[in-house]
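Residue strings, one per chain:
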Amino acid sequence: MVKRLRLNDLPDELILKIFSMLPNFKESVATHLISEQHENPYNLVSDVTLEYDNEESFVTFMSFYYGSLLSDDDQILERLHLKLNRNYSASDINFWVQVAVNSSVRKLRINLYGGTLVLPSCLSTCTTLKSLILREVTINHVPRGFCLPSLKSLHLFSVEFSQKASNARLLQNYYGINDEVRFCLPSLRSLHLLSAVHYTSGLLTHLLQSCPVLEYLVVSQTERELSPVFSVIPPESRLSSIKSLHLLSVELSNDKAIATLLKTCAGSLEYLVLNRTCYYYSERVSLSSLKSLHLLSPSSNNIACNSLTRLLQSCPVLEYLVVSQTERDYMPMFRVIPPESCLSSIKSLHLSSVKFHGDEYVATLLKRCAALEHLVISRTRYDNVKLYDIDVPTLKSLTINNSREKRTDDDEKENHGFLINAPALQTLNIKDTVSNFLMLEFTPEVTKANIQVICEQSENFIGSLTSVQHLSLCSPNSEIPYRRGSVFPYLEHLELCTCSAGWVNLLASILNESPRLQSLKLMSNHSAQYNDPMSFWDEPVVVPECLLTHLEIFEWRQYENTVQHRKVAACILANATCLKMATFSTRSRNKDHRMVMKLKKLKRISKTCQLVFE
């Protein structure tokens, strides 16, 4: 049998001469690879970025190219990213893409910063390409019969199709206007059109017709793109596979367009996002599969008051609802609270800066969500609710974010905040730096709580968390936010912020009342501002039970090495008999050595305790 001659079997001089006849010859790279081919196996990178005015990226690419030719094994290029200016010719781009295709490229990204791209014909034969991203390119021409046979994800960012003649040709090739010439995306499942200008005359409609198995569609316009993207709504047969649809600032041709569009994909659609897109819902369409609906600042000022109700009535199995407004949305989102039949399947509800006609509308909305388990409320200075009355017996998880920069004068005039009655609650997350009223009814099921508040909360606020196991607490007020004598019998993990003047009193109190505490973390999430006189640590007369029997992990972030801090650290290290690890870190590197020396001198009762300094 005649042995097959390989390129690397040839003399070095001949290999170099062959390379010199290839496009974009880089002699120094070729010479280096050839000289080392007999000593070191090739370890070629699988992710290559070729960027103009970047010599290093060019060397990396050409190293891959020459190395793949010399290697005995097939070299696979996972991703090629071309970031080129207008000075590169179509032949250069075609050469680089051809190299990638020959190396079984999986992902290809091309950014020409407004330059013209002639789609390389070699892509039509590439069966490994799964993802194609085009950014800031102008396409004037598409080769006849152009096809991307295995593509699953297509992203078009600011892609411009210029010249009327080219557009007509593009439509022929792309969308099968001519039966003999058809652009085909038979495997495409994800399509992103972001700031894709000049999508007029049904261009998007024809594109969608070439994607028979498309499941994920994102369409976005900018404020300067005023022409309707969907001037022609595709027929139902062309969108029947779409499961997720995102419309971001999309201009529609008329008020009925959104209903008509949703009707075409109603049978399969499971996830819908309308972001600054008018959802005037003049007719009822059954979205029988829709489980997740996001209405993000959806141009509500000019929408009929019953559009939202009609939309929700069309979603019989809806489980996840997100509603968000901004300062530009001056009209209340829920002008009429939908009936319970529209909300009975919702398990998760997110309200962000949502305006209501009155506080009682909030309570009514929540009560009509009979299956609600997860509630997220984000407040800003643009919403108009004073007191959130959260009375939901099925609620398992509650997250509140009300962290404006500072209170206004109006904030001090009347009560505003949250009244929470959720007996089935298991997880509680509250970040509230504005409210002056927080009331938490008895919540015996809460096992995890993350609380950061600066309000005059009820003294029983945290004391009602009798079953909590994980507690993260930041209370800049010096008062202890629970009634004296409260016990946390199940608390195992405590994170405490040291930002208040009385944090040491709070720490001592919780240690005394948490007999099963296993992990303690002290940290400072933000700079301490002590408006009240600072409390000083007093050595406990009776050592807390958790130090004697359970505490294993002690961590202190932003440790300051002050007398106060050393006293607290000394008490814990001297009494925690089960301690396995104590970790300290400080903000200032200049204090590291001195801090370490002083901490090492502290008495440790646990013989197995390991000190760690970060």
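Residues numbered from 1 in each chain as written. Predicted model: local features only at pLDDT ≥ 70, side-chain atom pairs only at ≥ 80, totals over all residues. Heavy atoms only, no water.

**A look at the overall build of the protein**
Across its full length, the protein carries 15 helices and 26 strands. Here the protein, with 614 residues, has 49% of them falling under the buried criterion. Long-range pairs, those at least 24 residues apart, make up 64% of the contacts in the protein with a sequence separation of at least 6. Accessible surface for the protein amounts to roughly 28,500 Å². Of this, 48% is attributable to carbon and sulfur atoms. (Helix = DSSP H or I, 4+ residues; strand = E, 2+ residues; numbered from the N terminus. Buried < 20%, exposed > 50% of the residue type's maximum accessible area, 1.4 Å probe, protein only. Contact = heavy atoms within 4.5 Å. Areas by Shrake-Rupley, 256 points an atom, 1.4 Å probe, with all protein chains shown as cover.)

**Considering the pairing of strand 22 (residues 493–497)**
Alignment of strand 21 (residues 470–474) against strand 22, held across four bridges, turns out to be parallel. When the bridges of strand 22 are listed, Leu471 appears paired with Leu494. Direction of pairing for strand 22 relative to strand 23 (residues 519–523): parallel, over a ladder of five bridges. Within strand 23, the residue paired with Leu494 across the bridge is Leu520. Following the backbone out of strand 22, through helix 12 (residues 503–512) and into the adjacent parallel strand 23, one traces a crossover that is right-handed. (Pairing = 2+ DSSP bridges. Right-handed = clockwise from strand over helix to strand, strands pointing away.)

**Considerations on helix 12**
By the criterion of burial, helix 12 is predominantly enclosed, with seven of the 10 residues buried. Burial in helix 12 covers these residues: Trp503, Val504, Leu506, Leu507, Ser509, Ile510 and Leu511. Of the surrounding secondary structure, the elements contacted by the buried residues of helix 12 are strand 21, strand 22, strand 23, helix 13 (545–549), strand 24 (553–556) and helix 14 (563–575).

**A closer look at the sheet that holds strand 17 (residues 417–421)**
The parallel open sheet is built from three strands, whose spatial order is 15-17-19. Among the strands making up the open sheet, the edge pair consists of strand 15 (387–391) and strand 19 (437–440). Averaged over all pairs of adjacent strands, the angle between strand axes in this sheet comes to 10°, irrespective of strand direction. Pairing geometry for strand 15 and strand 17, over five bridges, is parallel. Looking at strand 17, one finds that Ile390 is bridged to Ile420. (Axes fitted to C-alpha atoms, helices over the stretch in contact; angles between N-to-C directions.)

**As for unusual backbone geometry**
The phi torsion at Glu136 lies on the positive side, around 50°, for a residue other than glycine. With respect to the secondary-structure elements, Glu136 resides in strand 4 (residues 131–139). With a phi close to 55°, Ser249 is a non-glycine residue in the positive phi region. When you line up the elements, Ser249 lands in the loop between strand 9 (244–248) and helix 8 (257–264).

**Points about the confidence of the model for the protein**
Of all residues in the protein, 71% attain a pLDDT of 70 or more, and the chain-wide mean is 79. Taking the mean pLDDT of every element in the protein, the minimum, 38, falls on helix 5 (residues 164–175) and the maximum, 97, on strand 14 (residues 374–378). Counted against residues more than four places away or in other chains, residues 1–5, with its pLDDT under 50, gives two contacts. Contacts for the low-pLDDT stretch residues 163–182, under 50 throughout, to residues beyond four places or in other chains number 41 contacts. (pLDDT = per-residue confidence, 0-100.)

**Quick word on the pattern of salt bridges**
Side chains that carry opposite charge are capable of pairing whenever their charged atoms lie near each other. For the coordinates displayed, the defined rule picks out eight salt bridges. Linking Arg79 and Asp47 is a salt bridge whose minimum nitrogen-to-oxygen distance equals 2.9 Å. Of this pair, Arg79 sits in strand 2 (residues 79–83) while Asp47 sits in strand 1 (residues 47–51), and the two are 32 residues apart along the sequence. Arg79 gets classed as partly exposed once you look at its relative accessible area, which sits at 22%. Overall, the relative accessible area of 43% leaves Asp47 in the partly exposed class. Glu215 is the partner of Arg189 in a salt bridge, and the nearest nitrogen-oxygen pair spans 3.0 Å. Of the two residues, Arg189 is situated in the loop between helix 5 and strand 7 (190–194) and Glu215 in the loop between helix 6 (203–209) and strand 8 (216–220); the sequence distance between them amounts to 26 residues. Overall, Arg189 belongs to the partly exposed group, its relative accessible area being 36%. (Salt bridge = Lys/Arg side-chain N within 4 Å of Asp/Glu carboxyl O.)

**Quick notes on the environment of Asp432**
Tracing the chain through its elements places Asp432 in strand 18 (residues 427–432). Assessed through its relative accessible area of 0%, Asp432 is described here as buried. With 32 residues separating them in the primary sequence, Asp432 and Ile400 have C-alpha atoms 7.3 Å apart. The contact partners of Asp432, leaving out residues within four places of it in the chain, are Asn402, Phe418, Leu438, Gln452, Val453 and Ile454. Polar contacts involving the side chain of Asp432 include one to the side chain of Asn402, which spans 3.3 Å. (Polar contact = N/O pair within 3.5 Å; in protein donor to acceptor, adjacent residues only side chain to side chain.)

**Focus on the state of the cysteines**
One pass over the full model with this rule turns up zero disulfides. Cys474 takes part in no disulfide bond, and the closest cysteine sulfur to it belongs to Cys499, at a distance of 3.5 Å. With relative accessibility at 2%, the residue Cys474 sits in the buried group. (Disulfide = S-S within 2.5 Å.)

**Quick word on the packing of helix 12 against helix 14**
Between two packed helices, the angle of one axis relative to the other and the distance separating the axes together describe the packing. Relative orientation of the contacting elements helix 12 and helix 14 amounts to 10°, with a least axis distance of 12 Å. Considering their axes alone, helix 12 and helix 14 lie roughly parallel with respect to each other. Where helix 12 approaches helix 14, its residues Trp503, Val504 and Leu507 are matched on the opposing element by Gln564, His565 and Val568. (Parallel < 35°, antiparallel > 145°, perpendicular 65-115°, else oblique.)

**Some words on helix 11 (residues 359–368)**
Within helix 11, burial applies to Val362, Ala363, Leu365 and Leu366. All buried residues of helix 11 fall inside an arc of 160° around its axis, so they share one side. (Arc of directions from axis to C-beta.)

**With respect to the packing of aromatic side chains**
Taken as a whole and assessed by the stated rule, the structure comprises eight aromatic pairs. Measuring from ring centre to ring centre gives 6.0 Å for Trp503 and Trp556, while their planes differ by 80°; the resulting arrangement is edge-to-face. Here Trp503, found in helix 12, pairs with Trp556, found in strand 24; they are 53 residues apart in sequence, far enough to count as distant. As far as burial versus exposure is concerned, Trp503 and Trp556 are alike and both buried. A centroid spacing of 5.7 Å and a plane angle of 90° characterise the contact between Phe554 and Phe584, whose relative ring orientation is edge-to-face. Highlighted residues: Phe554 in strand 24 and Phe584 in strand 25 (residues 581–584), separated in sequence by 30 residues. Its relative accessible area of 0% is what places Phe554 among the buried residues. (Phe/Tyr/Trp six-rings, centres within 6.5 Å; stacked < 30°, edge-to-face > 60°.)

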